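Notes for the structure review
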Amino acid sequence: LAKGTAGYDTPVRLGGMVKPGSVKWDATTLDLRFQVVDDSGTVTVHETGAPPQMFQPGIGVVVEGKYGRDDVFQATNLMVKHSNENHPPKPGEKPEEMYKTLIKGSTP
């Protein structure tokens, strides 16, 4: 979004939380639409295919795909976060320190 028109149709990853109340799933056509939200804003995501079993509103997700000129992110891959550790760094907190907490037996 920060790249403006240069960001359209470029393969990227998008991460955030599935906005509660935004999920629209058609099991017949395998059409999934939902919104991903974080501190930067909200993006509408469209994917075709069955979502992962753990997919639900309020869960952290990472989607791979392209942001279209229609302001919809066309996802080719949808991954769900398996823990509650999916949050952006707090002001002054370095991502490298957060990664250490994900490694079993390490301390931040």
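Quick caveat: nothing in here was measured; it's all calculated off a predicted structure.

1. Section: the overall build of the protein
Scanning the protein for helices and strands turns up one helix and six strands. Beginning at the N terminus, the succession of helices and strands in the protein can be written as β-β-β-β-β-β-α. Split into buried and exposed, the 108 residues of the protein put 27% on the buried side. Looking at the protein alone, contacts between residues at least 24 apart form 48% of all its contacts between residues at least 6 apart.

2. Regarding the packing of aromatic side chains
For the structure on display, the rule yields two aromatic pairs. Ring plane angle 10° and centroid distance 5.8 Å describe the contact between Tyr8 and Tyr67, whose orientation is recorded as stacked. Taken as a pair, Tyr8 in the segment before strand S1 (11-18) and Tyr67 in strand S5 (residues 60-67) lie far apart in primary sequence, 59 residues in all. Like Tyr67, Tyr8 is buried.

3. Overview of the side chain of Glu47
When you line up the elements, Glu47 lands in strand S4 (residues 41-48). Arg33 is the oppositely charged side chain nearest to the buried, salt-bridge-free Glu47, at an N-O distance of 11 Å.

4. A closer look at the pairing of S1
The pairing of S1 with S5 spans seven bridges and is antiparallel. In the sheet register, Gly16 faces S5, and the bridge partner there is Val61. The sheet contact formed by S1 and strand S3 (residues 31-38) spans two bridges and is antiparallel. Bridge pairing links Val18 to Val36 in S3.

5. Section: the nonpolar core
In terms of nonpolar packing, the biggest core is built from 17 residues, with Phe34, Val45, Phe55, Val61, Val63 and Phe73 touching the most fellow members. Counting only elements with at least two residues in this core, the list comes to S1, S3, S4, S5 and strand S6 (72-80). For this core, the element with the most residues is S6, which contributes four residues. Every residue in contact with Phe34, bar those within four places of it in the chain, is listed here: Val18, Ser22, Val23, Val43, Thr44, Val45, Phe55, Val61, Val63 and Leu78.

6. A word on the side chain of His46
When you line up the elements, His46 lands in strand S4. At 2.5 Å, the side chain of His46 and the side chain of Asp31 are in polar contact. Not counting the four nearest positions on each side in its chain, His46 is found in contact with Asp31, Leu32, Arg33, Val72, Phe73, Gln74 and Ala75.

7. What about the pattern of salt bridges?
A full pass over the atoms with the stated rule returns three salt bridges. With a shortest N-O distance of 2.7 Å, Arg13 and Glu64 are connected by a salt bridge. Within this pair, whereas Arg13 is found in strand S1, its partner Glu64 is found in strand S5, the two being separated by 51 residues in sequence. For Arg13, a relative accessible area of 61% puts it in the exposed group. Linking Asp31 and Arg33 is a salt bridge whose minimum nitrogen-to-oxygen distance equals 3.4 Å.

8. Notes on the confidence of the model for the protein
Put simply, the protein has an average pLDDT of 83, and 80% of its residues get 70 or more. Contacts of residues 103-108 to residues separated by more than four positions or lying in other chains number five contacts, the stretch itself having pLDDT below 50.

Cut-offs applied
- Residues numbered from 1 in each chain as written.
- Predicted model: local features only at pLDDT ≥ 70, side-chain atom pairs only at ≥ 80, totals over all residues.
- Heavy atoms only, no water.
- Helix = DSSP H or I, 4+ residues; strand = E, 2+ residues; numbered from the N terminus.
- Buried < 20%, exposed > 50% of the residue type's maximum accessible area, 1.4 Å probe, protein only.
- Contact = heavy atoms within 4.5 Å.
- Phe/Tyr/Trp six-rings, centres within 6.5 Å; stacked < 30°, edge-to-face > 60°.
- Lys, Arg positive; Asp, Glu negative; His and termini not counted.
- Salt bridge = Lys/Arg side-chain N within 4 Å of Asp/Glu carboxyl O.
- Pairing = 2+ DSSP bridges.
- Core = buried A, V, L, I, M, F, W, Y, C linked by side-chain atoms within 4.5 Å.
- Polar contact = N/O pair within 3.5 Å; in protein donor to acceptor, adjacent residues only side chain to side chain.
- pLDDT = per-residue confidence, 0-100.

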